[in-house]
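Commentary on secondary and tertiary structure
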Amino acid sequence: MSKTTISLSTIEDVKNFVSAVTMCEYDVDLISGRYAIDAKSIMGIFSLDLSKPIALEAHTDDASKFFAEIKQYIIA
């Protein structure tokens, strides 16, 4: 599993992020506080507090290509 922290500050960011995640063949979760949601769910993402950083977990051994695609959202 690969982990990072992201920030999605605009509606356009969320749309572009979901488009990138949808191309993944593996599961990607977003964790904010005690909530964990499927990163492929645009409605799930909008249920999170987007004003705070969000933890991302990609359930794969090599997420480097995916992380390169979403590099503009990665903050840590």
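Here goes a summary of the coordinates provided. (Residues numbered from 1 in each chain as written. Predicted model: local features only at pLDDT ≥ 70, side-chain atom pairs only at ≥ 80, totals over all residues. Heavy atoms only, no water.)

**Description of helix H1 (residues 11-22)**
Between its first and last C-alpha, H1 extends 17 Å over 12 residues, near the 16 Å set by a 1.5 Å rise per residue. Restricting attention to buried positions, one finds in H1 the residues Asp13, Val14, Phe17, Val18, Ala20 and Val21. Angularly, the buried residues of H1 cover 160° about the axis, an arc narrow enough to put them on a single face. Against the buried residues of H1 lie strand E1 (2-6), strand E2 (28-32), helix H2 (42-46), strand E4 (54-58) and helix H3 (64-69). (Helix = DSSP H or I, 4+ residues; strand = E, 2+ residues; numbered from the N terminus. Expected span 1.5 Å × (residues − 1). Buried < 20%, exposed > 50% of the residue type's maximum accessible area, 1.4 Å probe, protein only. Arc of directions from axis to C-beta. Contact = heavy atoms within 4.5 Å.)

**What about the environment of Ser41?**
Looking at the element boundaries, Ser41 is found in the loop between strand E3 (35-38) and H2. For Ser41, a relative accessible area of 28% translates into the label partly exposed.

**Notes on a nonpolar patch on the surface**
A contiguous nonpolar surface patch, about 400 Å² in accessible area, is contributed by Ile11, Ile42, Met43 and Phe46. It is H2 that provides the largest number of residues to the nonpolar patch, a total of three residues. Structurally, Ile11 is set in helix H1. Here Ile11 falls in the exposed class, since its relative accessible area comes to 53%. (Patch = residues over 30% accessible without salt bridge, like charges linked within 9 Å, V, L, I, M, F, W, Y side chains within 5 Å. Areas by Shrake-Rupley, 256 points an atom, 1.4 Å probe, with all protein chains shown as cover. Salt bridge = Lys/Arg side-chain N within 4 Å of Asp/Glu carboxyl O.)

**Overview of the side chain of Ser2**
Take Ser2: it is sitting in strand E1. Judged by its relative accessible area of 13%, Ser2 is buried. Discounting chain neighbours no more than four positions away, the residues touching Ser2 are Leu56, Glu57, Ala58, Thr60, Asp61, Ala63 and Phe67.

**Digging into the pattern of salt bridges**
Pairing of side chains with opposite charge becomes possible as their charged atoms draw close. Following the criterion strictly, the structure yields two salt bridges and no others. Among the salt bridges present, the one from Glu57 reaches Lys3, with a minimum N-O distance of 3.8 Å. Here Glu57 is found in strand E4, whereas its partner Lys3 is found in strand E1, with 54 residues between them in sequence.

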